[in-house]
There are 2 protein chains.
Amino acid sequence: MKFTAEINVMPLKALLDPQGKAVTSGLKKMGFTGVENVRIGKHITVEIEAEDADAAKKEIDLACKKLLSNPVIEDYHFELHELKMTG
Amino acid sequence: MKFTAEINVMPLKALLDPQGKAVTSGLKKMGFTGVENVRIGKHITVEIEAEDADAAKKEIDLACKKLLSNPVIEDYHFELHELKMTG
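These numbers were taken from a predicted model, which means no experiment stands behind them. (Residues numbered from 1 in each chain as written. Chains lettered and ligands numbered in written order. Predicted model: local features only at pLDDT ≥ 70, side-chain atom pairs only at ≥ 80, totals over all residues. Heavy atoms only, no water.)

Peer 1: Break down the interface of chain B and chain A for me, with residues and values.
Peer 2: Chain B puts 29 residues into the contact, and the matching count from chain A is 29 residues. Buried area between chain B and chain A, both sides added, is near 2500 Å², and the carbon and sulfur share of it is 66%. Seen at the junction of chain B and chain A, the total is 0 salt bridges. Connecting chain B to chain A are 12 residue pairs in polar contact (both at pLDDT 80 or more). Ranked by the residues each element gives to the side of chain B that touches chain A, the list is headed by strand 2 (residues 35-49) of chain B, at 15 residues. Looking at the side of chain B that touches chain A residue by residue, the classes come out as 15 nonpolar, 7 polar and 7 charged. (Contact = heavy atoms within 4.5 Å. Buried area = accessible area lost by both parts, 1.4 Å probe. Salt bridge = Lys/Arg side-chain N within 4 Å of Asp/Glu carboxyl O. Polar contact = N/O pair within 3.5 Å; in protein donor to acceptor, adjacent residues only side chain to side chain. Helix = DSSP H or I, 4+ residues; strand = E, 2+ residues; numbered from the N terminus. Nonpolar A, V, L, I, M, F, W, Y, C, P; charged D, E, K, R; others polar.)

Here's what the structure looks like:
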């Protein structure tokens, strides 16, 4: 079975996010005065072939821990969708 | 009213994504053999104060067009959630 994982890797809430701070102030200067607390992370999509949803979940979780995120400064969440083949 | 926007900015499907390619091959080398077609973009969360959901939507859409994405090489999608204040 084939799945797509949609992964969000974000800087931990407890940490400063300098890129987000810069974008917040950039937006304000451009006239977006109602904007606050911009935080910027990564959005990663992965296609994965696995026996079932559980196996795919485990693989993606491991990939997030080992390569896709840095647990010291980031946390991650993901959703898994089955990729339906047509035709 | 206060809203949170969850924005995903991704490289256009028609374009190569060198960072995604590098991560795909990195994952394969680490033993994640079922993994294909990794694509890497940005996940941005923004808090916004606006009169209603429609106004917030328009502001965020404009911010995406003007600053948060580069329409030549990226597209974006976002979801808006109302931030409920407690207490």
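Peer 1: Quick rundown of a nonpolar patch on the surface? Include the residues and the values.
Peer 2: A cluster of nonpolar side chains, A:L15, A:V72 and A:I73, forms an exposed patch at the surface whose accessible area comes to about 260 Å². Counting through the fold element by element, A:I73 comes out in the loop between helix 2 (53-68) and strand 3 (74-82). (Patch = residues over 30% accessible without salt bridge, like charges linked within 9 Å, V, L, I, M, F, W, Y side chains within 5 Å. Areas by Shrake-Rupley, 256 points an atom, 1.4 Å probe, with all protein chains shown as cover.)

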